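# Descriptive structure summary
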Amino acid sequence: MPHDIRLIAVDMDGTLLDGDGKVPAGLWDLLPRLAARDVSFVPASGRQLAALRREFGAAADGMTFIAENGAYVVREGVEVASDVFAPDEVERVILRLRALIAQGYDLGVVLCGKRSAYIERADAAFRANAEAYYAALETVDDLLAVDDDVLKVAVYDFAIAEHSVGPALDDLTDTLRVVVSARHWVDIMQPGVDKGTALRRLQDALGVAPAQTAAFGDYLNDLEMMDAADWSFAMDNAHPEVVARARHRAPSHLDHGVITTIEALFPESGPKG
């Protein structure tokens, strides 16, 4: 397929990561090949920056990341863009979630700051789910007492989020963005924050057009990212809405679909030209 792709944005869970939740081994050989062709490979995830850096280890220092579902964009350690909550907005969200918990919703709340993520609930079941996505994680007595720039409030629902806490938070959507980001997770962010907006900001910073951008995703928080890339790929395991939105299909994450598709797009091992 003829193309001039210069930027590849890739969701993590259900997209890049394999069935064990690991980065496929084939990516480590692919990253320097893409760099030699001046192609930026950008993980775009609901995970925090520290968690993304943990996944990519030594390669992370030279990489660009779209973290916190688009609320935080960092390139080679330098912030490109961020969207933070005002203190009164944080209070409104936390009090609303505490009210739902009092009503019987089985929820764990993660306050996502630039320095760290913070939790009040510390039982093993919730903490295990939080630690999978937040490498920098602190347990505090009161989320409202946290002193950090808040990028996002993430909610883990032990029920199915799309049918449980997601609809229950409709009252917040007058001033905030509420998105179901995974089977059990809902993210609450500033208006206009999503992976698509973040990708467009990065395109502007890099001087890259949508026609030079590829994006891979599988879930509802990837929808806007599909719109920002002419080369948009829904994984074979993707949510039906993502399949409808994307222009192309890629094999399942269980079959390393991101790797095989990029290999097909960039078959040569040397630099372009």
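Placed above this text is the structure.
Notes on the structure in this doc start here. (Residues numbered from 1 in each chain as written. Predicted model: local features only at pLDDT ≥ 70, side-chain atom pairs only at ≥ 80, totals over all residues. Heavy atoms only, no water.)

## Section: the overall build of the protein
When you go through the protein residue by residue, the secondary structure sums to 10 helices and 14 strands. Taken against the 2.2 N^0.38 rule, which gives 19 Å for 273 residues, the C-alpha radius of gyration of the protein at 18 Å falls within 12% of a compact globule. Expressed along its principal axes, the backbone C-alpha trace of the protein runs to roughly 60 × 35 × 35 Å. Looking at the 273 residues of the protein, the share that counts as buried comes to 53%. Considering only contacts within the protein whose residues lie at least 6 apart along the sequence, 58% involve residues at least 24 apart. Carbon and sulfur atoms make up 49% of the accessible area of the protein, which amounts to about 11,200 Å² in all. Between the mean site of the 25 positive side-chain charges and the mean site of the 44 negative ones, the protein shows a separation of 3 Å. (Helix = DSSP H or I, 4+ residues; strand = E, 2+ residues; numbered from the N terminus. Rg over C-alpha atoms; globule rule 2.2 N^0.38 Å. Buried < 20%, exposed > 50% of the residue type's maximum accessible area, 1.4 Å probe, protein only. Contact = heavy atoms within 4.5 Å. Areas by Shrake-Rupley, 256 points an atom, 1.4 Å probe, with all protein chains shown as cover. Lys, Arg positive; Asp, Glu negative; His and termini not counted. Charge placed at Lys NZ, Arg CZ, Asp CG, Glu CD.)

## Let's talk about the pairing of strand β6 (residues 107–113)
Summarising burial for β6: 7 of the 7 residues are buried, a large majority. Of the two faces of β6, the one carrying L107, V109, L111 and G113 and the one carrying G108, V110 and C112 are both buried. One ladder, built from 7 bridges, connects β6 with strand β9 (residues 150–157); its direction is antiparallel. For G113, the partnering residue across the bridge sits in β9 and is V150. Across 3 bridges, β6 lies against strand β7 (residues 117–119) in antiparallel orientation. Bridge pairing links C112 to A117 in β7. Remark: 3 residues form the turn of the hairpin made by β6 and β7, two consecutive strands paired antiparallel. (Pairing = 2+ DSSP bridges.)

## Describing the packing of helix α2 (residues 26–36) against helix α10 (residues 257–265)
The geometry of α2 relative to α10 is characterised by a closest axis approach of 11 Å and an angle of 35 degrees between their N-to-C directions. Our pair here, α2 against α10, has a crossing hand that is left-handed. Facing α2, whose interface residues are G26, L27, L30, R33 and L34, α10 presents I259, I262 and E263. Taken together, the residues of the contact of α2 with α10 sort by class into 5 nonpolar, 1 polar and 2 charged. (Axes fitted to C-alpha atoms, helices over the stretch in contact; angles between N-to-C directions. Left-handed = near helix turned anticlockwise from the far one by under 90°. Nonpolar A, V, L, I, M, F, W, Y, C, P; charged D, E, K, R; others polar.)

## Comments concerning the packing of aromatic side chains
This structure, assessed with the given rule, holds 7 aromatic pairs. Centre to centre, the rings of F56 and F65 are 6.0 Å apart; their planes meet at 55 degrees, and the pair counts as tilted. Looking at F56, the relative accessible area reads 2%, which means it is buried. Clustering of aromatic rings is evident, with ring pairs tying together Y133, Y134, Y156, F158 and W185. (Phe/Tyr/Trp six-rings, centres within 6.5 Å; stacked < 30°, edge-to-face > 60°.)

## What to know about the pattern of salt bridges
If you walk through the whole model with that rule in mind, you get 23 salt bridges. Between R121 and D106 there is a salt bridge whose closest N-O contact spans 2.9 Å. With R121 in the loop between β7 and α5 (124–131) and D106 in the loop between α4 (87–102) and β6, the pair connects residues that are 15 residues apart, well separated along the chain. Accessibility expressed as a relative area gives 25% for R121, which makes it partly exposed. Salt-bridge contacts for K152 lead to D187; the nearest nitrogen and oxygen are separated by 3.5 Å. A residue pair is termed long-range when its members are at least 10 positions apart, and K152 in strand β9 and D187 in strand β11 (residues 185–189) qualify at 35 residues. Here the two residues K152 and D187 agree in accessibility, since each one is buried. Here the salt bridges share partners, and the residues they tie into one network are D11, K195 and D222. (Salt bridge = Lys/Arg side-chain N within 4 Å of Asp/Glu carboxyl O.)

## Some thoughts on the sheet that holds strand β12 (residues 213–217)
Ordered by their spatial adjacency, 5 strands build an open sheet running β2-β1-β12-β13-β14, and the pairing between neighbours is parallel. Strand pairing shows two members of the sheet lacking a second neighbour, β2 (40–43) and β14 (248–250), which therefore form its edges. Averaged over all neighbouring strand pairs, the angle between strand axes comes to 20 degrees, with direction disregarded. Judged from the 4 bridges that link them, strand β1 (residues 7–10) and β12 form a sheet pairing that is parallel. Each residue of the ladder has a partner; that of V10, found in β12, is F216. Helix α7 (residues 195–206) rests against β1, β2 and β12 of the sheet, and its axis sits at about 160 degrees to β1.

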